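# Structure assessment
Here are the chains, one letter per residue:
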Amino acid sequence: MSILMALLITGYILGIWNFLLMPKYYLSFGLKGFLVSLIALGAGLLLIYGELEATKRSRYLIHEFFVKVSQTPAVTLLLLMFLLVSGGITLYYSSKALLPVFNISTRALLPMIWAVILFILLMLVMLKGRSVEFIGALSILFILFAIVATLAMRSEVYGFVRSQTALHYLNVHRSAIFSFNHPLTARGVVFLLVTTLISLGLGTGVYYVIGSFSPDDLDMRKLLTTVVILQIFLSFAAALTTAYAIGAAYQSYENSQAQFQKTNQELHKLFLSNMNPNSEAFKSKFRELNQTLTRINQTLTDFHKVEAYASSSTENPVKAIETFYLIPKILRESHLKGASTIIFLLMGSLFLAGFTSLVVLVEIGAQISSEVLQMKRGNSLTFVGLAIAVIGSIMIAGGIRTMLLTVPLSIGALVIAIEGLPLLRGISPVNKNAVSIGVILALLVGILSLVYTFKLGGIYIELGILLSLLMFAPLLFNGYLMGGAKRAR
């Protein structure tokens, strides 16, 4: 059971943020950024350990703990709302990872989203208690996929990259990951810290729920240490993958340039041979020239996007998240040897990272909603699954996607701080001094991330912040909810 719990928490914590945003700051800040991230990791671990131990020792369920011990029932509603948004984001980006795996168009994204959530609901209903074993198996598969994908990409890209310029870009960014020479920026550091915190899966009440049924002999300290080491390792692996993609992107651009020059020379020869410009051979070469020119522009654009992702710490993180999905496009269009296999492993690992997190979110969300809303397990699973599916579906619209991504980036750390507050109230069986450190650090990061997210500008960012702040509304009615909870008892 202890091993299964370890794999469950591993599968939950190692999620989409380890692929989509953490590599950006490991690339742009190097080892300085890694050391800064350890601050957030430390604060997060203090909170995770406190939340796990609080319900593990008391054997209260999450809402029961909030009502009977800390008298903060409103926090449950805040965590449930944040869980649904986090689930929707995870569902969208993990489902999107399947498109390049099967090489299908974005029109299939909506059916894919619903297929994934329906599969999760069926699995949770059919497997019931054995879902932990299933998540554990997927967690092992996910880690293997991620490691093999990075190693395979390294091997093939170094054989593919031939020009000195492309090799220079690759080596510069690969070396940057392990360098102390890159300067820190205030905006980048704030988003690095908030990304690190939300990558731990805090803010959704999961650890309170897991603690309520975890074995008494489970050593949480060793477990969390192992999981964090794995998280760091996979974030570095994803950063290396991005560096290899930069080299492949520039080589692809140069290959397209060479093809353009070749086609242009052939067209010039046809022109000198007095061939009729209206002949089919001449028109065919001209069309090929235009297609090659379009490919040059596209490969150069892709290169600039991936290069900006790796080098600009102040880039808008909402936009930067999409950059990781350029990697399979770059690999496929460059005709890299073994591209299909690498794409399968890389995007497959991204999908599994999101999928394992999503299974836990749906299960935990169902348990929380069944407590708060007094629903049966089947009904609560359906409620949470459909809510997450709707949120994931509307993210297909670019403006709404920006709004929803703003939620974890702007208030994620604030929600994490509030999630830890119940540990500081009442007779909580944890070290309150340690928890206080985690809450204060999360609160500081939360205030700064809210400010810097607002400074990003744009109507959808502002609407996202407004939506985020509205999620705190239940806290205003905590007294009323507490009275209702007492009457219910």
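Residues numbered from 1 in each chain as written. Predicted model: local features only at pLDDT ≥ 70, side-chain atom pairs only at ≥ 80, totals over all residues. Heavy atoms only, no water.

### A look at the overall build of the chain
Formally: Secondary structure follows DSSP: runs of H or I at least 4 residues long count as helices, runs of E at least 2 residues long count as strands, and numbering of each begins at the N terminus. Using C-alpha atoms as the atom set, the radius of gyration is obtained and then compared with a globule rule of 2.2 Å times the number of residues to the power 0.38. The classification of residues rests on relative accessible area computed with a 1.4 Å probe and restricted to protein chains. Under 20% of the type maximum is buried, over 50% is exposed, and intermediate values are partly exposed. Here, two residues are considered to be in contact whenever any of their heavy atoms come within 4.5 Å of each other.
Counting its regular elements, the chain contains 22 helices and zero strands. Over its C-alpha trace the chain gives a radius of gyration of 24 Å, about what one expects of a compact globule, namely 23 Å for 489 residues. The C-alpha extent of the chain, read off along each of the three principal axes, is 95 × 45 × 45 Å. Residues counted as buried form 57% of the 489 residues belonging to the chain. Long-range pairs, those at least 24 residues apart, make up 84% of the contacts in the chain with a sequence separation of at least 6.

### Some details on empty space enclosed by the protein
Selection criterion: Method remark: on a 1 Å grid restricted to protein atoms, a set of points is classed as a cavity if a 1.4 Å probe fits but cannot get out and as a pocket if it is open with protein on both sides within 12 Å along at least five of seven lines; lining residues have an atom within 4 Å of a point. Grid points are joined across faces, edges and corners, and a volume is the space filled by probe spheres set on the points. Polar here means any residue other than Ala, Val, Leu, Ile, Met, Phe, Trp, Tyr, Cys and Pro, which are nonpolar, and Asp, Glu, Lys and Arg, which are charged; Gly is therefore polar.
Summed over all chains, the structure comprises five cavities of 30 Å³ or more. When its volume is computed, the largest cavity comes out at roughly 210 Å³. Lining the largest cavity are 17 residues, and of these Trp17, Ser86, Thr90, Ile198 and Gly201 lie nearest its centre. Elements represented by at least two residues in the lining of the largest cavity include exactly helix 1 (2-13), helix 6 (73-96), helix 11 (186-199) and helix 17 (339-373). At four residues, helix 6 tops the list of elements feeding residues into the lining of the largest cavity. Here the residues of the lining of the largest cavity sort into ten nonpolar, seven polar and no charged.

### With respect to a nonpolar patch on the surface
Our working definition: Nonpolar side chains (Val, Leu, Ile, Met, Phe, Trp, Tyr) within 5 Å and like charges within 9 Å form the patches, drawn only from residues with over 30% relative accessible area and no salt bridge. The method behind every accessible area is Shrake-Rupley, applied with a 1.4 Å probe, and residues are considered shielded solely by the protein chains displayed. When a carboxyl oxygen of Asp or Glu lies within 4 Å of a side-chain nitrogen of Lys or Arg, that pair is called a salt bridge.
Among the surface-exposed residues, Ile39, Ile437, Ile440, Leu441 and Leu444 lie close enough to one another that they form a single nonpolar patch of about 450 Å² accessible area. In terms of residues, the nonpolar patch owes the most to one element, helix 20 (residues 432-455), which gives four residues. Here Ile440 lies in helix 20.

### Looking at the packing of aromatic side chains
Heads up, the rule is: For this analysis, a ring pair means two rings from Phe, Tyr or Trp (six-membered ring only for Trp) whose centres lie within 6.5 Å, classed as stacked if their planes differ by under 30 degrees, edge-to-face if by over 60, and tilted for the remaining angles. Here, a charge over a ring means that NZ of Lys or CZ of Arg falls within 6 Å of the ring centre while also lying within 35 degrees of the ring normal.
Going through the model one piece at a time under the given rule, you end up with 21 aromatic pairs. Counting every residue linked through ring pairs, the aromatic cluster contains Tyr26, Phe34, Phe178 and Phe236. The ring of Tyr309 has Lys24 sitting right over it, with the charged end atom 5.4 Å from the ring centre.

### Quick word on the environment of Ser369
Relative to the elements of secondary structure, Ser369 occurs in helix 17. By relative accessible area, which is 0% here, Ser369 ends up buried. With 14 residues separating them in the primary sequence, Ser369 and Phe355 have C-alpha atoms 21 Å apart. Residues in contact with Ser369, not counting those within four places in the same chain, are Leu80, Gln374, Met375, Ser380, Phe383 and Val384.

### What to know about the nonpolar core
Convention followed: Residues belong to a common nonpolar core when they are buried Ala, Val, Leu, Ile, Met, Phe, Trp, Tyr or Cys residues joined through side-chain atoms within 4.5 Å.
Judged by nonpolar contacts, the single largest core of 167 residues is most densely connected at Tyr93, Leu331, Met347 and Leu350. Excluding residues within four positions of it along the chain, Tyr93 makes contact with Ile16, Leu20, Ile321, Glu322, Tyr325, Met395, Arg401 and Leu405.

### Here we look at the side chain of Lys24
Here Lys24 shows up in helix 3 (residues 22-29). The buried category is assigned to Lys24, whose relative accessible area is 0%. In contact with Lys24, not counting residues within four places along its chain, are Ala308, Tyr309, Ala310, Ser312, Glu315 and Ala320.

### Focus on the packing of helix 1 against helix 9 (residues 131-160)
This is how the line gets drawn: To obtain an axis, a line is fitted to C-alpha atoms, over the contacting stretch when the element is a helix, and the angle between two such axes runs from 0 to 180 degrees between their N-to-C directions. Roughly parallel covers angles under 35 degrees, roughly antiparallel covers those over 145, roughly perpendicular covers 65 to 115, and oblique covers all other angles. For any helix crossing, the convention is left-handed if the near helix is rotated counterclockwise from the far helix by under a right angle, and right-handed if that rotation is clockwise.
Taken N-terminus to C-terminus, the directions of helix 1 and helix 9 make an angle of 60 degrees; their axes are 8 Å apart at the nearest point. The pairing of helix 1 with helix 9 is recorded here as oblique in orientation. Two packed elements cross with a definite hand, and for helix 1 against helix 9 that hand is left-handed. Every residue of helix 9 that contacts helix 1 at Leu4, Leu7, Leu8, Thr10 and Gly11 is listed here: Val132, Glu133, Ile135, Gly136, Ser139, Ile140 and Ile143.

Read these as spatial facts, not as claims about activity.
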